[in-house]
Amino acid sequence: MNKRVVIDPITRIEGHLRIEVEVDENNVITKAWSSSTLWRGIEVILKGRTPMDVGLIVQRICGVCTYSHYRCGTEAVENALGMTIPVNAKYLRSLMQSSLYMHDHIVHFYHLHGLDWVDVVSALGADPAKAAQDSLKYTDKPIATGEGELRAVQERVKALVETGKLGPFANAYWGNGTYRFTPEQNLIALSHYLKALEVQRVAAEMLAIFGGKSPHPQSLVVGGVTSVRDMLSPARLQEWKQKHAIVQDFIERAYQADIVMAAEAFGTEASVLGGVNVKSFLCTNDFLMGDGQYLFEQGVIMHGDLANVTDINPDFIKEDVTHAWYQADSAQHPYDGTTVPDYTGFVERETVYGKLPTLDGDGKYSWVKSPRYQDEPVEVGPLSCLLVNYAKGNPIVVDAVNGLLARTGLPIEALFTTLGRTAARMLQTVLVGQASLHTFDALITNLMSDESTFIAPEIDSNKEYVGHAMNEAPRGMLSHWIRIKNGKVENYQAVVPTTWNAGPVDANGKMGPYEASLIGLTLEDPTKPLEVIRIIHSFDPCMACSVHVMDYKKQTLGQFKID
Ligand code: NFE
Ligand code: MG
């Protein structure tokens, strides 16, 4: 008799994600459903607004990758108006982008995903002297892992436990058999978890130097970047560089080392060795380093065929709503996409707890649409970015990937796993941090002969415009699509990374990356589905982004049932 496991909400992410799986008598997952239980309507809110406000409104799609939407929306308008912005503005946008990545990926690995890997209770029983010694196995220059520091970490966390107010350490599956770190390794990672709280603040300050504030920076406008008098002063530029050094140091000495440690410790854990079952990948050009030179290049891999990377064709992107709570007759290209809500609710189903509302897998069951490329589901994100660039022979990426494989002793196939997805995000952070120094130098050089950062946009209200922009947001490829008529937004669609990954089954019965990643996984204990959480967290879910005004009346929030 198959049993249904419901995880709702999945926490330590932005927004509300519900995952339901069905397991057979051997606790093997046979079916999976991914659902966002929040409805949002920013694409609808944009209609009739001036295109000049698009960036500021779309950045409210999310509280995490605010800058990604701000920039993408602003660039979609610029594309529609046929504008080319000043080079300095391009470099400044690239530097803000790098700063966002350095912040976002650190926060994800340590504070959103880390406790899927690190057993905090086990860390409290570690020997700090041994842990200090062990940390040298994973890097020549460990950080925050001296014996005294590690002892202080234990005391700090023990004091927290004794208060009974566990804060971020409450409600986890401590002691779960799929945790694989030794007590000492857990302590090393826990120390980095705490250190990362300080470092992420510095990374956010980096973004604020060029953005005015973070989250929700304010300096981008259609036509470039403004408010530059302060941000381009030598003192502020130097400040960015100093903060960059602190954050990059942590990325290379802690984040990188912890992934090498995880590769060693979790080498036989099934949830870490699986988790990549949609083997098509997509990414776009991003991280401008110098004249027309991007750190990462665009491309598409279909069905695991790394020998044939094709160029992205924007016409091949469509969104399907067969199983999403919207109305549409067929899959739609985003230029003509609609957002018409059609909520059908949950279905009462017998569970071991009796009848419960569950997702209607046969009908509509999520507020996330299902983006498709040539009718196929595709994974986006750091893993996709690295795979596409590795397959294209991008030398920076080839060196970085081969270097990590050599250090961990893992085969290339290890990339197609949860570990690979998590390691790819780390490598991407290292490379972005390094590349941003090239961008910084290019900006300084260009400023010597050219100070412009903005050109004024012009809109002819008698003309119709259409345009789009594609960027790499931290969770993967983001595209915004706009039609402008009578000087106002006529139609707007955002096709968002988490939408690509978390979308429900499409009209052809094909699952998206989240759902597919869970099929075939054996759960050690269905009442403690840590493996499901570990795999899903490795995508870095952001449901706020993926469904773009809350409807409190129809929601069942905060329910957590396992049967
Ligand atoms: Ni809300 Fe986002 C990123 C975008 S989500 S975090 O990265 O765009 O998919
Ligand atoms: Mg959308």
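Residues numbered from 1 in each chain as written. Chains lettered and ligands numbered in written order. Predicted model: local features only at pLDDT ≥ 70, side-chain atom pairs only at ≥ 80, totals over all residues. Heavy atoms only, no water.

1. Remarks on the coordination of the nickel atom of ligand 1
Each donor-metal-donor angle would ideally measure 109.5 degrees in four-coordinate tetrahedral geometry, or 90 or 180 degrees in six-coordinate octahedral geometry.
Alright, step 1. Here the nickel atom of ligand 1 is held by Cys62 (SG), Cys542 (SG) and Cys545 (SG), and the distances to it run 2.1 to 2.3 Å.
Alright, step 2. Its four donor atoms give the nickel atom of ligand 1 angles of 101 to 119° at the centre, a pattern that matches the tetrahedral case.
Alright, step 3. One chain supplies every donor for the nickel atom of ligand 1, spaced along it as C-x479-C-x2-C.
Alright, step 4. The metal-metal distance between the nickel atom of ligand 1 and the iron atom of ligand 1 is 3.2 Å, with Cys545 serving as a donor to both. Separated by 483 residues along the polypeptide, Cys62 in the loop between α2 (54-58) and α3 (66-81) and Cys545 in helix α18 (residues 543-547) bring together distant segments of the chain.
Alright, step 5. Judged by its relative accessible area of 3%, Cys545 is buried. (Donors = N, O, S within 2.8 Å, 3.2 Å for Na, K, Ca; no water. Tetrahedral: all angles 85-135°; square planar, octahedral: opposite > 155°, others 65-115°. Helix = DSSP H or I, 4+ residues; strand = E, 2+ residues; numbered from the N terminus. Buried < 20%, exposed > 50% of the residue type's maximum accessible area, 1.4 Å probe, protein only.)

2. Examining the pattern of salt bridges
Alright, step 1. All chains considered together, the criterion is met by 26 salt bridges.
Alright, step 2. Linking Asp134 and Lys130 is a salt bridge whose minimum nitrogen-to-oxygen distance equals 3.1 Å. In this pair, Asp134 and Lys130 are both assigned in helix α6 (residues 128-134), four residues apart and thus about one turn of the helix distant.
Alright, step 3. For Asp134, a relative accessible area of 13% translates into the label buried.
Alright, step 4. Here Lys130 falls in the partly exposed class, since its relative accessible area comes to 43%.
Alright, step 5. Its salt-bridge partner being Asp540, residue Arg475 comes within 3.1 Å of it at the nearest N-O pair. One end of the pair, Arg475, is in the loop between β15 (465-473) and β16 (476-485); the other, Asp540, is in the loop between α17 (530-538) and α18, and 65 residues separate them in sequence.
Alright, step 6. The class for Arg475 is buried, based on a relative accessible area of 5%.
Alright, step 7. Since its relative accessible area comes to 2%, Asp540 is described here as buried. (Salt bridge = Lys/Arg side-chain N within 4 Å of Asp/Glu carboxyl O.)

3. Things to note about the site of ligand 1
Alright, step 1. The local shell around ligand 1 consists of Cys62, Cys65, His69, Ala473, Pro474, Arg475, Leu478, Val496, Pro497, Thr498, Cys542 and Cys545.
Alright, step 2. Contacts to ligand 1 include Arg475, whose backbone N or O atom sits 2.7 Å from an oxygen atom.
Alright, step 3. Thr498 is positioned with one of its backbone polar atoms (N or O) 2.7 Å from an oxygen atom of ligand 1.
Alright, step 4. Taken together, the residues of the shell around ligand 1 break down into nine nonpolar, two polar and one charged. (Near = heavy atom within 4 Å. Polar contact = N/O pair within 3.5 Å; in protein donor to acceptor, adjacent residues only side chain to side chain. Nonpolar A, V, L, I, M, F, W, Y, C, P; charged D, E, K, R; others polar.)

4. Thoughts on the layout of surface pockets
Alright, step 1. In this structure, the largest pocket encloses a volume near 740 Å³.
Alright, step 2. As for the largest pocket, its lining consists of 28 residues, and the residues nearest its centre are Arg71, Glu75, Lys90, Tyr294 and Asn471.
Alright, step 3. Mapped onto the lining of the largest pocket, the elements with two or more residues apiece are α3, α4 (87-113), β7 (286-290) and β15.
Alright, step 4. Ranked by residue count, the leading element in the lining of the largest pocket is α4, at five residues.
Alright, step 5. Along the lines of polarity and charge, the residues of the lining of the largest pocket split into 11 nonpolar, 10 polar and seven charged.
Alright, step 6. Looking at the second largest pocket, its volume works out to about 340 Å³.
Alright, step 7. As for the second largest pocket, its lining consists of 16 residues, and the residues nearest its centre are Thr11, Arg12, Asn171, Ala172 and Ile533.
Alright, step 8. Looking at the lining of the second largest pocket residue by residue, the class counts come to 11 nonpolar, three polar and two charged. (1 Å grid on protein atoms, 1.4 Å probe; cavity = no way out; pocket = protein on both sides within 12 Å on 5 of 7 lines; lining within 4 Å. Points joined across faces, edges and corners; volume = space filled by probe spheres on them.)

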